[in-house]
Amino acid sequence: MTAPAPTTQRQRRERVPAVLVLEDGRTFRGQAYGAIGETFGEAVFNTGMSGYQETLTDPSYHRQVVVMTAPQIGNTGWNDEDDESKQIWVAGYVVRDPARVASNWRSRRSLDEELVNQGVVGISGIDTRALTRHLRERGAMRCGIFSGEALADQAALLARVQQSPEMKGADLCAEVATTEAYVVPAIGEKKFTVAALDLGIKAMTPQRMAERGIEVHVLPANSTLEDLYAVNPDGVFFSNGPGDPATADHQVAVAQGVLERKTPFFGICFGNQILGRALGFGTYKLKYGHRGINQPVQDRTTGTVEVTAHNHGFAVNAPLDKVSDTPYGRVEVSHVCLNDDVVEGLQALDVPAFSVQYHPEAAAGPHDAAYLFDRFVKLMEGQRA
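Note that the structure is predicted; figures quoted are calculated from it, not measured. (Residues numbered from 1 in each chain as written. Predicted model: local features only at pLDDT ≥ 70, side-chain atom pairs only at ≥ 80, totals over all residues. Heavy atoms only, no water.)

1. So, the packing of helix H9 (residues 249-261) against helix H10 (residues 270-279)
Thinking step 1. Put simply, H9 and H10 touch, their axes get as near as 8 Å, and they point 70° apart. The angle between H9 and H10 falls in the class roughly perpendicular. Helix-helix and strand crossings are classified by hand; for H9 and H10 the assignment is right-handed. Residues Asp249, Gln251, Val252, Ala255, Gln256 and Leu259 of H9 lie in contact with H10, whose contacting residues are Ile274, Leu275, Arg277, Ala278 and Leu279.
Thinking step 2. Split by residue class, the contact of H9 with H10 holds seven nonpolar, two polar and two charged. (Axes fitted to C-alpha atoms, helices over the stretch in contact; angles between N-to-C directions. Helix = DSSP H or I, 4+ residues; strand = E, 2+ residues; numbered from the N terminus. Parallel < 35°, antiparallel > 145°, perpendicular 65-115°, else oblique. Left-handed = near helix turned anticlockwise from the far one by under 90°. Contact = heavy atoms within 4.5 Å. Nonpolar A, V, L, I, M, F, W, Y, C, P; charged D, E, K, R; others polar.)

In structure tokens:
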């Protein structure tokens, strides 16, 4: 008689009950996935069918519980090359059907193992389609995932979720940014120097610049205008990042200093929101945000429609139907989301500055928007000339 195969740690975790509790009281019961324990964050959904490693290590997801709409996650395991930062930043992870076997020539361990290694609490085996529909109808909201000894009665868990911090008003970029400046050298001949303010920068962003001959000086989120100009930059870049742009008063003031000096400026995601505020526009929280790698955006300067990668829950409130007058000259909305008319980019017409709300570096997504780095290069070439 053949002895039964030994039970693996993953199989033991699959037997541990877990529950996801939304702040409006709706619950979803499943099994523990990743670490066992408890976690709190804003429940958001991501529509990407691939790129989960890049998603998990994107600092913009700090303090968010990510629900994957694709039914099976983890097929390609976890490798040592595709991380976008030094760690996993999501607060929690929700999947319907975890892959039982990881199959990829670069895989070093399973996704489940990496979640355990980094202490990320997750849940599997729930109806993620129903959860996504709920978030679309009710909006992104606070939630908690509980498993193992963290389980308790429903009322107690709901009370703890409702006591957790909200995303609106959250000042988070300094929590994920570098604390020490570092340099990403140009690949090949050095053509330009860029001062990049790290608000939650992804590794692929300076890589895309380095490929174009740019030496990138990545600086902490609380850097001053003097810190930026100490590296004698040809251009200034503001990165993506987490939290509410309404809290970024310091970064807005720095951006205004860059605009006053008429140094070429490029912003992505959180950087777009900061440029918007620096120009005098407001920002607001979206009902459930844009997260995934399949969002249609039109570049209004060319008419081209791009398939783009997104991760944002806030947006700039700027008029779509006219050129706006600002303290720094005329500004127009350069890009717009074709799903819901959300502002996806700004173009200054009298100073060398532009920004986009989405992610043109998109390591695990479409490359339709890679030209934006070339547009930044042309701005610096024009200023130098």
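2. Topic: the UniProt feature "binding site: L-glutamine" (unreviewed entry) in the protein chain
Thinking step 1. Residues annotated by UniProt as "binding site: L-glutamine" (unreviewed entry) correspond here to Ser60, Gly241, Gly243, Phe270, Gln273, Asn311, Gly313 and Phe314. Separation in sequence by 255 residues is not matched in space for these annotated residues, since their most distant C-alpha atoms are only 13.3 Å apart.
Thinking step 2. Residue placement: Ser60 occurs in the loop between helix H2 (52-56) and strand S4 (64-68).
Thinking step 3. We classify Ser60 as buried; its relative accessible area is 7%.
Thinking step 4. Apart from residues no more than four positions distant in its own chain, Ser60 is found in contact with Asn240, Gly241, Pro242, Asn311 and His359.
Thinking step 5. Polar contacts involving the side chain of Ser60 include one to the side chain of Asn240, which spans 2.8 Å.
Thinking step 6. Counting through the fold element by element, Phe270 comes out in helix H10. (UniProt positions renumbered as here; feature names shortened; annotations may be inferred. Buried < 20%, exposed > 50% of the residue type's maximum accessible area, 1.4 Å probe, protein only. Polar contact = N/O pair within 3.5 Å; in protein donor to acceptor, adjacent residues only side chain to side chain.)

3. Some details on the nonpolar core
Thinking step 1. By size, the foremost hydrophobic cluster in this structure holds 35 residues, and its most contacted members are Leu228 and Phe238.
Thinking step 2. Of all elements in the fold, only strand S11 (192-197), helix H8 (225-229), strand S13 (235-238), H9, H10, strand S18 (329-337) and strand S19 (343-348) reach the threshold of two or more residues within this core.
Thinking step 3. Excluding its chain neighbours within four sequence positions, the residues that come into contact with Phe238 are Leu197, Leu199, Leu228, Gln251, Val254, Ala255, Phe265, Phe266, Gly267, Ile268, Gly271 and Ile274.
Thinking step 4. With 24 residues, the next largest nonpolar core counts Val194, Met209, Phe354 and Ala369 among its residues. (Core = buried A, V, L, I, M, F, W, Y, C linked by side-chain atoms within 4.5 Å.)

4. Topic: the side chain of Glu306
Thinking step 1. Structurally, Glu306 can be placed in strand S16 (residues 304-317).
Thinking step 2. There is no salt bridge for the buried Glu306, and the closest opposite charge comes from Arg375, which lies 6.5 Å off by N-O distance.
Thinking step 3. A polar contact of 2.4 Å, which involves the side chain of Glu306, links it to the side chain of Tyr371.
Thinking step 4. What Glu306 contacts, discounting residues up to four positions off in sequence, is Gln295, Pro296, Val297, Asp299, His335, Tyr358, Asp368, Ala369 and Tyr371. (Lys, Arg positive; Asp, Glu negative; His and termini not counted. Salt bridge = Lys/Arg side-chain N within 4 Å of Asp/Glu carboxyl O.)

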